[in-house]
Amino acid sequence: MYRASLGMRALGLKFDAIFSSPYLRARQTAEMVAQAYKFKSKKIHLTNNLLPPASIEKLLQEVHARFPKSINVLCVGHEPHLSEMVSLLLESGKPLAIDFKKGGLCCLTLNGQRTAILNWLLTPTQLGLMAKGKE
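(A) Representation of the pattern of salt bridges in the model. Counting across every chain of the model gives two salt bridges. For the salt bridge of Glu62 with Arg66, the shortest nitrogen-to-oxygen distance reads 3.8 Å. In this pair, Glu62 and Arg66 both sit in helix α3 (residues 56–66), four residues apart, roughly one turn of the helix. For Glu62, a relative accessible area of 16% corresponds to the buried category. Residue classification places Arg66 among the partly exposed positions, given a relative accessible area of 42%. Here Lys101 makes a salt bridge to Asp99, at a shortest N to O gap of 3.3 Å. Among the residues examined, Asp99 registers a relative accessible area of 52% and is labelled exposed.

(B) Representation of α3 in the model. Along α3, the residues classified as buried are Ile56, Leu59, Glu62 and Val63. Viewed end-on, α3 has its buried residues packed into an arc of 125 degrees, placing them on one side of the element. Opposite its buried face, α3 presents the exposed residues Gln61, His64 and Ala65, each directed more than 90 degrees away.

(C) Representation of the nonpolar core. By size, the foremost hydrophobic cluster in this structure holds 19 residues, and its most contacted members are Met8, Ile18, Tyr37 and Leu74. Among the secondary structure elements, those contributing two or more residues to this core are α1 (2–10), α2 (24–36), β3 (73–76) and α5 (124–131). Tallying contributions element by element places α2 first for this core, with five residues.

(D) Examining the packing of α1 against α2 more closely. Interaxial distance between α1 and α2 falls to 9 Å at its minimum, and their mutual angle equals 50 degrees. Between α1 and α2, the interaxial angle falls into the category oblique. In the packing of α1 onto α2, the handedness of the crossing is right-handed. Contacts between α1 and α2 involve Tyr2, Ser5, Leu6, Met8 and Arg9 from the first element and Met32, Val33, Gln35 and Ala36 from the second. Its residues placed into classes, the contact of α1 with α2 shows six nonpolar, two polar and one charged.

(E) Region of interest: the confidence of the model for the protein. When pLDDT is averaged across the protein, the result is 89; 96% of the residues are at 70 or more. Between the elements of the protein, mean pLDDT differs from a low of 89, seen in helix α4 (residues 81–89), to a high of 95, seen in strand β2 (residues 44–46).

(F) Representation of the sheet that holds β3 in the model. With respect to topology, three strands assemble into an open sheet ordered β2-β1-β3, the strand pairing being parallel. Either end of the sheet is taken by a strand with one partner, and the two such strands are β2 and β3. In this sheet, neighbouring strand axes are inclined to one another by 25 degrees on average, regardless of whether the strands run parallel or antiparallel. Bridge analysis of strand β1 (residues 17–20) against β2 gives three bridges, and the strand direction is parallel. Note that in β2 the partner of Ile18 across the bridge is Ile44. Sheet strands in contact with α2 are β1, β2 and β3, and its direction is about 165 degrees off that of β1.

The rules behind the values
Residues numbered from 1 in each chain as written. Predicted model: local features only at pLDDT ≥ 70, side-chain atom pairs only at ≥ 80, totals over all residues. Heavy atoms only, no water. Salt bridge = Lys/Arg side-chain N within 4 Å of Asp/Glu carboxyl O. Helix = DSSP H or I, 4+ residues; strand = E, 2+ residues; numbered from the N terminus. Buried < 20%, exposed > 50% of the residue type's maximum accessible area, 1.4 Å probe, protein only. Arc of directions from axis to C-beta. Core = buried A, V, L, I, M, F, W, Y, C linked by side-chain atoms within 4.5 Å. Axes fitted to C-alpha atoms, helices over the stretch in contact; angles between N-to-C directions. Parallel < 35°, antiparallel > 145°, perpendicular 65-115°, else oblique. Left-handed = near helix turned anticlockwise from the far one by under 90°. Contact = heavy atoms within 4.5 Å. Nonpolar A, V, L, I, M, F, W, Y, C, P; charged D, E, K, R; others polar. pLDDT = per-residue confidence, 0-100. Pairing = 2+ DSSP bridges.

Following this line, the structure appears as structure tokens:
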């Protein structure tokens, strides 16, 4: 996961904040990303709104309340909950068959209050390949 985080940096991705599920593996992932980005651990915000059955509305409300001017926020959660949230933001009406690998990364651009555009979806292997030579 640390190598994938380096791939994220190689892509030039930047985050105003990191939101994570409070569960151990998600927290560990968020901490690895924070380490790769040289963030202080206080920039990781644990939230139950990344746990099933929390709604995307509650997560968006929390992000907006805590960081009203944020442009780029990283959310670390669990499957199939993340795919379901992405599906709702893409207005599919039902869950999409998204192959969201553990450690994968999805980039969405919010297009209004509750809708989004899918920019890309990468696997941890692809992210790791992007880190090659950047270590």
